[in-house]
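What the coordinates show
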Amino acid sequence: MKQFLLSLSFLLSASILIAQPAKNYALVIHGGAGVMDKDKMSPEIQNEYIAALNKVLRVGDSVLVNGGTCLDAIERTIVILEDSPLFNAGKGAVFTHEGLVELDASVMEGKTLKAGAIAGVRDIKNPIQVARTVLEKSEHVLLTGTGASQFAKEQGFQPVENSYFYTEKRLKSLQELQKKEREATTNDKHGTVGCVALDSYGNIAAGTSTGGMMNKKYGRVGDSPIIGAGTYANNETGAFSCTGHGEYYIRLGFSRDISALMEYKKLSLQEACQEEIRKLTEMGGTGGVIGIDRKGNIALEFNTSGMFRGFIKSNGEKGVAIFK
Ligand code: ASP
C-alpha cells in the first residue's frame with residue numbers, strides 16, 4: 001500500500017511538472033522606423049526613448065515570466081506605447097490632413113491564425129485592446145471607423161475625445177508640413193509601435209498600433225491593421241510587426257510574404273526578414289520589421305537610419321537601440 005501511495009505521489013508530481021510551462025519566452029518591440037539623425041536627437045530625448053523602451057520590456061518580461069500568454073504580453077506592452085506621447089500611436093499619434101487623429105491597430109495569434117483589427121478610429125484610447133477584443137469576441141477580422149467605435153462601446157470601452165490624443169509636437173509638425181508644402185522627411189510622416197512575443201507555452205503572436213502617416217487624407221488606411229501586410233503570425237513560421245511607408249507594405253503583402261519565404265523557401269527568420277526588406281528597398285519603400293519564431297529566434301531589420309527597438313529573452317539577454 002505504502003509503495004502504491006509513493007508511486008501515486010510521484011506520478012502526481014511528475015504530471016504537475018509536465019503541466020508547468022517551460023519558461024522559454026522572448027519578446028521584441030518597435031516604436032517606429034524612420035530618418036533618425038544621431039546628431040540631431042539630443043541626449044535627453046534619446047534617454048527618454050531608451051527609458052520608455054526599457055519600461056515596456058520590463059512589463060512584457062513580467063507578463064511572460066508569470067505565465068501570461070503572447071497575446072497578454074502584446075496587449076500590455078502596446079498599451080504602454082500607446083499611452084506614451086513619444087510614439088505615433090494612441091496619445092501622441094500624428095494628425096490627419098484635417099487636424100484629427102485616426103488610429104489603426106491589429107493583432108494576430110500564431111496558434112489559431114485568429115486575428116482582430118480596427119482602422120480609422122477617432123475615439124478609442126487603446127486601439128490594441130479593441131483589436132484583441134475583435135479577435136476574441138467578433139465574427140469579423142477588421143472593423144472600421146464609427147462601426148469599430150460602436151463595437152468598442154458595446155464591449156464596455158469608454159470613448160475619449162479626439163483631443164485626448166493631441167500633442168503640441170505633432171500639431172507643430174503638421175502645421176510646418178502644411179505651411180511649407182514641402183516633401184516631408186520619412187521621419188516626419190510616420191512612426192508606429194509593435195510587439196511580437198513567444199510565450200512559455202510555445203505560442204507566438206504579433207500586434208501593431210499606429211496613427212498612420214501624418215497629413216493622411218480621404219480616410220487613408222495603412223498597412224498596420226491589414227493582416228498579412230503590417231501584422232502576421234503563424235506558429236509554423238513566425239510572428240511579424242512592421243513599421244514604415246504603409247502603401248509599400250500593403251503592395252508587398254509584406255509580413256505574409258516573410259512567412260511564405262520561411263514556409264516555401266525554407267529561409268530562416270532573419271534571412272526572410274532581410275529578403276523582404278531588400279524587396280522593399282528595391283521598390284523605393286522605407287521602414288522596418290520585427291520578427292520572432294517558436295524557437296525564440298528574433299529579427300530586427302530596417303532600411304532607415306534608425307528604428308526604436310528592443311528585445312528581451314527568458315535567458316536574460318536584452319537589448320535596446322535607436323540608430324543603425
Ligand atoms: N506603417 C504605418 C502606416 O503606413 C506608419 C508607420 O509605420 O510609420 O500607416
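Description of the structure in this document. (Residues numbered from 1 in each chain as written. Predicted model: local features only at pLDDT ≥ 70, side-chain atom pairs only at ≥ 80, totals over all residues. Heavy atoms only, no water.)

1. Section: the overall build of the chain
Within the chain, the secondary structure is distributed over 10 helices and 12 strands. The C-alpha atoms of the chain give 20 Å as radius of gyration, which agrees with the globular expectation for 324 residues (20 Å, within 12%). Each of the three principal axes of the chain carries a C-alpha extent, and together these read 85 × 45 × 40 Å. Burial statistics for the chain: of 324 residues in total, 56% are counted as buried. In the chain, the proportion of contacts linking residues at least 24 apart, taken out of those at least 6 apart, comes to 69%. Accessible area for the chain stands at about 14500 Å²; split by element, carbon and sulfur atoms hold 53% of it. The average position of the 37 basic charges and that of the 36 acidic charges among the side chains of the chain differ by 3 Å. (Helix = DSSP H or I, 4+ residues; strand = E, 2+ residues; numbered from the N terminus. Rg over C-alpha atoms; globule rule 2.2 N^0.38 Å. Buried < 20%, exposed > 50% of the residue type's maximum accessible area, 1.4 Å probe, protein only. Contact = heavy atoms within 4.5 Å. Areas by Shrake-Rupley, 256 points an atom, 1.4 Å probe, with all protein chains shown as cover. Lys, Arg positive; Asp, Glu negative; His and termini not counted. Charge placed at Lys NZ, Arg CZ, Asp CG, Glu CD.)

2. What to know about the pairing of strand β2 (residues 103–109)
Across the seven residues of β2, seven count as buried, placing the element largely inside the fold. With five bridges connecting them, β2 and strand β3 (residues 115–121) associate as antiparallel partners. Bridge pairing in β3 places Ser106 opposite Ala117. Counting the residues that bridge the hairpin from β2 to β3 gives five residues, and of these Leu113 lies at a positive phi of roughly 60°. Here six bridges tie β2 to strand β6 (residues 204–210), and the two strands are oriented antiparallel to one another. Bridge pairing in β6 places Met108 opposite Ala206. (Pairing = 2+ DSSP bridges.)

3. Some points on the sheet that holds strand β10 (residues 298–302)
Read across the open sheet, the four strands follow the order β7-β8-β9-β10; overall the sheet is antiparallel. Both outer strands of the open sheet, β7 (231–233) and β10, are each paired with one neighbouring strand and no more. Across this sheet, the average inter-strand angle for adjacent strands is 10°, counted without regard to direction. Lying over the sheet, helix α9 (residues 254–264) contacts β7, β8 (239–244) and β9 (287–292), oriented at roughly 140° with respect to β8. Along the sheet, helix α10 (residues 269–283) contacts β8, β9 and β10; its crossing angle with β10, the most-contacted strand, is approximately 15°. (Axes fitted to C-alpha atoms, helices over the stretch in contact; angles between N-to-C directions.)

4. As for the packing of helix α3 (residues 70–83) against helix α4 (residues 127–137)
Where α3 meets α4, the axes come as close as 8 Å, and the angle between the chain directions of the two elements is 155°. By the angle class used here, α3 and α4 are roughly antiparallel. The segment α3 lies against α4, with Leu71, Asp72, Glu75, Ile78, Val79 and Glu82 engaging Pro127, Ile128, Gln129, Arg132, Leu135 and Glu136. Residues of the contact of α3 with α4, tallied by class, amount to six nonpolar, one polar and five charged. (Parallel < 35°, antiparallel > 145°, perpendicular 65-115°, else oblique. Nonpolar A, V, L, I, M, F, W, Y, C, P; charged D, E, K, R; others polar.)

5. Here's the deal with the sheet that holds strand β1 (residues 26–34)
Across the sheet, eight strands lie side by side as β4-β3-β2-β6-β5-β1-β11-β12; this open sheet has mixed pairing. Edge positions in the sheet fall to β4 (142–144) and β12 (318–323), since each has one partner strand and no second. Taking the axes of each pair of neighbouring strands and ignoring which way they run, one obtains an average angle of 5° across the sheet. The strands touched by helix α2 (residues 43–65) within the sheet are β1, β5 (193–198), β11 (306–313) and β12, with β12 carrying the most contacts at an inclination of about 150°. Against the sheet, α4 touches β2, β3, β4 and β6, its axis set at about 45° to β2.

6. Some details on unusual backbone geometry
Unusually for a residue other than glycine, Tyr218 sits at a positive phi of about 60°. Locating Tyr218 in the fold gives a position in the loop between β6 and β7. The phi torsion at Lys266 lies on the positive side, around 60°, for a residue other than glycine. Overall, Lys266 belongs to the exposed group, its relative accessible area being 65%.

7. Things to note about the pattern of salt bridges
Under the criterion given, the structure shown has 11 salt bridges. A salt bridge links Glu136 to Arg132; its shortest N-O distance comes to 3.0 Å. With a gap of four residues between them, Glu136 and Arg132 both fall in helix α4, about one helical turn apart. Judged by its relative accessible area of 13%, Arg132 falls in the buried class. Among the ionic pairs, Arg278 bridges to Glu282, the shortest N-O distance being 2.7 Å. (Salt bridge = Lys/Arg side-chain N within 4 Å of Asp/Glu carboxyl O.)

8. Here we look at the environment of Phe240
In this structure, Phe240 sits in strand β8. Given the relative accessible area of 0%, Phe240 is considered buried.

9. What to know about the state of the cysteines
Evaluated as defined, the whole model comprises zero disulfides. Of all cysteine sulfurs, the one in Cys273 lies closest to Cys242, which takes part in no disulfide; the gap is 8.3 Å. The buried category is assigned to Cys242, whose relative accessible area is 0%. (Disulfide = S-S within 2.5 Å.)

10. Remarks on the environment of Val130
On the secondary structure map, Val130 appears in helix α4. When its relative accessible area of 0% is taken as the criterion, Val130 is described as buried. Measuring from C-alpha to C-alpha, the distance between Val130 and Gly60 comes to 19 Å, with 70 residues separating the pair along the chain. Ignoring sequence-local partners within four residues, the contact set of Val130 consists of Ile118, Ile124, Phe151, Ala152 and Phe157.

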